[in-house]
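Chain residues, written in single-letter form:
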Amino acid sequence: MQLLPVTMVKEFVWCAAIPWIIHNYGIEPPLTPSMKQGIDFQKSLSRNNVVEELGLEPPIEYQVYVEDRELGICGVIDILAGSKRKKIVEVKAFRRNIRKCEHFKMQLYTYALIAYRKRMPVEKAILLLEKNKYEFTITKEKLDQAKKTVEKLWKTIQSPEPPKIQQDEKKCEYCRYKRICPIYVV
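Because the structure is predicted, anything quoted here is derived from the model rather than measured. (Residues numbered from 1 in each chain as written. Predicted model: local features only at pLDDT ≥ 70, side-chain atom pairs only at ≥ 80, totals over all residues. Heavy atoms only, no water.)

Observations regarding the packing of helix α1 (residues 6-14) against helix α2 (residues 17-25)
- Where α1 contacts α2, the axes come no closer than 6 Å and their chain directions differ by 130°. One finds that α1 runs oblique with respect to α2. Two secondary-structure elements touch here, α1 through Met-8, Glu-11, Phe-12 and Trp-14 and α2 through Ile-18, Pro-19 and Ile-22. (Axes fitted to C-alpha atoms, helices over the stretch in contact; angles between N-to-C directions. Helix = DSSP H or I, 4+ residues; strand = E, 2+ residues; numbered from the N terminus. Parallel < 35°, antiparallel > 145°, perpendicular 65-115°, else oblique. Contact = heavy atoms within 4.5 Å.)

Structural data, given as structure tokens:
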């Protein structure tokens with residue numbers, strides 16, 4: 001079975017057309033300058049400073065690959081910490097309004113779901129937006145929500161028709177896919 005990266009879940013929550021385009025057109029545009037900056041930011045982080053600032057308990061693992069073949073999803077957790085009750089951390093380079101970050105939260109919940117199903121119970125998930133820390137308690141409801149989102153993602157990308165959605169024009173304005181998007185209307 002093909003495995004989808006967890007980043008597709010993030011994209012799906014942002015706009016369901018994006019993973020449909022990637023899957024059905026078989027393309028993905030090059031990284032944007034801000035995406036490249038984000039990658040550079042992650043590489044430049046002093047791991048010890050981040051661990052200390054977040055109050056993470058050892059053992060600490062970085063860039064932890066996880067997959068769930070049954071759900072058909074895989075990804076890399078930025079930071080996994082703790083021995084029995086784990087904490088996961090997703091690091092983003094730029095500060096954002098947390099009220100507009102549902103896609104990042106679902107990315108975190110999906111990582112927690114995969115870890116949980118691999119017998120690594122995650123108690124807390126931390127979203128680090130530049131230097132702003134947001135901590136979420138992982139509940140059964142959040143894990144169920146993540147599972148349902150993954151299932152909807154699979155159903156959407158396997159459809160021959162693009163998802164029927166109406167997107168905010170401001171979102172579409174900056175989208176890397178708008179030139180080929182079957183939903184975007186000029």
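On we go.
With respect to α2
- Taken together, the buried positions of α2 are Ala-17, Ile-18, Pro-19, Trp-20, Ile-21 and Ile-22.
- Here the buried face of α2 lies against α1 and α6 (140-158).
- Following α2 by one or two positions, Gly-26 adopts a phi angle in the positive range, close to 65°. (Buried < 20%, exposed > 50% of the residue type's maximum accessible area, 1.4 Å probe, protein only.)

Quick look at the side chain of Asp-78
- Turning to its location among the elements, Asp-78 is positioned in strand β3 (residues 73-81).
- One buried charge, Asp-78, has no salt-bridge partner; the nearest side chain with opposite charge is Lys-92, at 6.0 Å.
- At 2.7 Å, the side chain of Asp-78 forms a polar contact with the backbone nitrogen of Val-91. (Lys, Arg positive; Asp, Glu negative; His and termini not counted. Salt bridge = Lys/Arg side-chain N within 4 Å of Asp/Glu carboxyl O. Polar contact = N/O pair within 3.5 Å; in protein donor to acceptor, adjacent residues only side chain to side chain.)

Overview of the environment of Thr-156
- Turning to its location among the elements, Thr-156 is positioned in helix α6.
- C-alpha of Thr-156 to C-alpha of Ile-39: the two residues are 117 residues apart in sequence and 28 Å apart in space.

Let's talk about the side chain of Glu-90
- Along the chain, Glu-90 falls in strand β4 (residues 86-92).
- A polar contact of 3.0 Å, which involves the side chain of Glu-90, links it to the side chain of Lys-92.
- Within polar-contact distance, the side chain of Glu-90 engages the side chain of Gln-107 at 3.4 Å.
- Every residue in contact with Glu-90, bar those within four places of it in the chain, is listed here: Asp-78, Gln-107, Leu-108, Tyr-111, Ile-126, Leu-127 and Leu-128.

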